[in-house]
Amino acid sequence: MRTEFGPGFVERLPEFAAELGGSRVFVVTDRGLRATGIVGRVEKIFSAAGVECVVHEDIGPNPATTELDRGAARLREHGAPVVIALGGGSALDAAKGISLLAGNPGSLAADADTLWSASDGLPIIAVPTTSGTGAETNGFGVVEDVCARRKVYIGHDSVRPRIAVLDPELTLGLPAPITAATGLDALVHGVESLASLGADATSRADAARALTLVGTWLPTAYRDGANLEARSHLMLGAHLAGHALTRSGLGLVHGLGHAITARTGTPHGVALAAVLEEVMTYTAPFAATAYAQVAASLGAPTALDAVHAISTAVHLKRPLRDLGLTRTDLPTLAATALADAVTKNAPRPPHQAEVEELLASVY
């Protein structure tokens, strides 16, 4: 994949689409983005270049498999050769699934496990409008199986975006709570990538640099949403963290975060913040070297001091009860997290009773 980074780079979308054979494009975005003016701007950019553009806005904050099926049906009907994934992580993840399903008629998103060996999907250009998920760096998406009330992974090498267009201007004025939640996601990507059993020299280097950028600039972007310098550094940090996690895998924080979001609809970053410090404490005896690097990258005495300070600065941590959970939910959350593919990379192998105890401590 190729990364194009800089203020105003969204204006070059027709040029990038043309490189991939895009005389027509299919834009996948979420239902709320049009109100920001970004969708209209992208439509005008393609119109001015004479590129036919259809916008698909049927994506929610936690995209469901049924939404992907509807999007794929519309994409096949439109027949566009290039997909533009525009928005936060939900839109980017959904676009990957829609692109893959469109290339495999008869397949359903609920059958995600069978699609890793499917035929190729359509080429994607990713245009993130938040700084956090790193979804533009890889070929898989996390979506919700509504019937099973769990997160599933859908992906294929062919739907890793061919080009990632990182334009920090698109994040100017992003509301503070969204800045906090997406930025915390990037922070966790850095922390878990360093501690992951799958970490290598390249992922560690990307994660360390990402943590420095995110730790330095997230509080500033949270306080001043119009600060282009902060937005630029934060977007680059989130992108590097995405590259790190793509190589290394993640861990128990994300396993629990996926379980909480699937059960309550809690924004991903808020779910992660609820358990981050406790999981780090739990895994610390098995990840001393990694957490020493976290501390060094964040310029703090310890990794826990650093992440606590950042979570506090962006007002994100909540007890589980405030997220709509009951004590009776905790065993199911623990079991769901243990079954999540990301959890296998945790530096300390977690057990059901221990994870239940951890969840009770933050209830």
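The notes below deal with the structure included here. For every chain, the first residue of its written sequence is number 1, and the numbers climb from 1 along that sequence. Whole-chain, interface and lining totals are the exception, using all residues; otherwise, since this is a predicted model, local features are given only for residues with pLDDT of at least 70 and side-chain atom pairs are given and counted only at 80 or more. The basis for every side-chain value is the complete set of heavy atoms in the structure, and neither hydrogens nor water enter the calculation.

### Some details on helix α11 (residues 303-313)
Residues spaced three or four apart along an α-helix point in a common direction, a consequence of the helix completing one turn every 3.6 residues.
Line of reasoning, step 1. Accessible area is worked out with a 1.4 Å probe on protein chains only. A residue is then buried under 20% of its type maximum, exposed over 50%, and partly exposed in between. Put simply, DSSP marks the helices as runs of H or I at least four residues long and the strands as runs of E at least two long, and each gets a number from the N terminus on. Within the span of α11, buried status applies to A303, A306, V307, I310 and S311. Projected down its long axis, α11 carries its buried residues within an arc of 125 degrees, all on one side.
Line of reasoning, step 2. Downstream of α11 by a residue or two, H315 has a phi angle that is positive, lying close to 55 degrees. It is the directions from the helix axis to the C-beta atoms that the arc portrays.

### Regarding the sheet that holds strand β5 (residues 124-128)
Line of reasoning, step 1. Paired strands, in this sense, are two strands between which DSSP finds at least two bridges. An order of β1-β8-β5-β4-β2-β3 is seen for the six strands of this open sheet, with the pairing classed as parallel. The two strands at the open ends of the sheet, each matched to only one other strand, are β1 (2-5) and β3 (52-56). Ignoring which end each strand starts from, the neighbouring axes of this sheet average 20 degrees apart.
Line of reasoning, step 2. Taken together, the five bridges between strand β4 (residues 82-87) and β5 define a ladder with parallel strand orientation. Bridge pairing in β5 places A85 opposite A126.
Line of reasoning, step 3. Every residue pair with non-hydrogen atoms within 4.5 Å of one another is taken to be in contact. Working convention: axes come from line fits to C-alpha atoms, limited for helices to the stretch in contact. Angles between N-to-C directions cover 0 to 180 degrees. Helix-sheet contacts for helix α3 (residues 65-78) involve β2 (24-28), β3 and β4, and the interaxial angle to β3 is about 165 degrees.
Line of reasoning, step 4. Against the sheet, helix α4 (residues 89-102) makes contact with β2, β3, β4 and β5, and its axis sits at roughly 160 degrees relative to β4, the strand it touches most.

### Here's the deal with the pairing of β4
Line of reasoning, step 1. β4 sits mainly inside the fold: six of its six residues count as buried.
Line of reasoning, step 2. As judged from the four bridges shared by β2 and β4, these two strands associate in the parallel manner. Among the inter-strand pairings, V25 is bridged to a residue of β4, identified as V82.
Line of reasoning, step 3. With the strands pointing away from the viewer, any crossover whose connection runs clockwise from the first strand over the helix to the second is right-handed. The parallel pair β4 and β5, bridged by α4, forms a crossover whose chirality is right-handed.

### Points about the layout of surface pockets
To find leftover empty space, a probe the size of one water molecule is rolled over the atoms.
Line of reasoning, step 1. Detection works on a 1 Å grid of protein atoms alone, calling trapped sets that fit a 1.4 Å probe cavities and calling open sets with protein on both sides within 12 Å along at least five of seven lines pockets, with lining residues defined by an atom within 4 Å of a point. Grid points are joined across faces, edges and corners, and a volume is the space filled by probe spheres set on the points. Taken as a whole, the second largest pocket encloses approximately 180 Å³ of empty space.
Line of reasoning, step 2. For the second largest pocket, the full set of lining residues is D113, R150, K151, V152, Y153, G255, H258, A259, T336, A339, D340 and A341.
Line of reasoning, step 3. Of all the secondary-structure elements, those providing two or more residues to the lining of the second largest pocket are β7 (150-155), α8 (252-264) and α12 (330-339).
Line of reasoning, step 4. Looking at the lining of the second largest pocket, the element that brings in the most residues is β7, giving four residues.
Line of reasoning, step 5. All residues other than Ala, Val, Leu, Ile, Met, Phe, Trp, Tyr, Cys, Pro, Asp, Glu, Lys and Arg, Gly among them, are scored as polar; the first ten of these are nonpolar and the last four charged. Residues that form the lining of the second largest pocket fall into these classes: five nonpolar, three polar and four charged.

### Some words on empty space enclosed by the protein
Line of reasoning, step 1. Counted by the stated rule, this structure contains two cavities of 30 Å³ or more.
Line of reasoning, step 2. Of the voids in this model, the largest cavity is the one considered here, and its volume is about 80 Å³.
Line of reasoning, step 3. Surrounding the largest cavity, 14 residues form its lining, E192, A195, G251, Y291 and P347 being those nearest its centre.
Line of reasoning, step 4. Among the elements of the structure, α5 (176-195), α8 and α9 (268-283) are those that each provide at least two residues to the lining of the largest cavity.
Line of reasoning, step 5. Sort the elements by how many residues they give to the lining of the largest cavity and α5 lands first, with three residues.
Line of reasoning, step 6. In terms of residue class, the lining of the largest cavity is built from nine nonpolar, four polar and one charged.
Line of reasoning, step 7. In terms of lining, the second largest cavity is formed by P128, T130, S131, G132, G134, E136, L166, M235, A238 and H239.
Line of reasoning, step 8. A total of three residues in the lining of the second largest cavity trace back to one element, the largest contributor, which is helix α7 (residues 228-248).
Line of reasoning, step 9. Taken together, the residues of the lining of the second largest cavity break down into four nonpolar, five polar and one charged.

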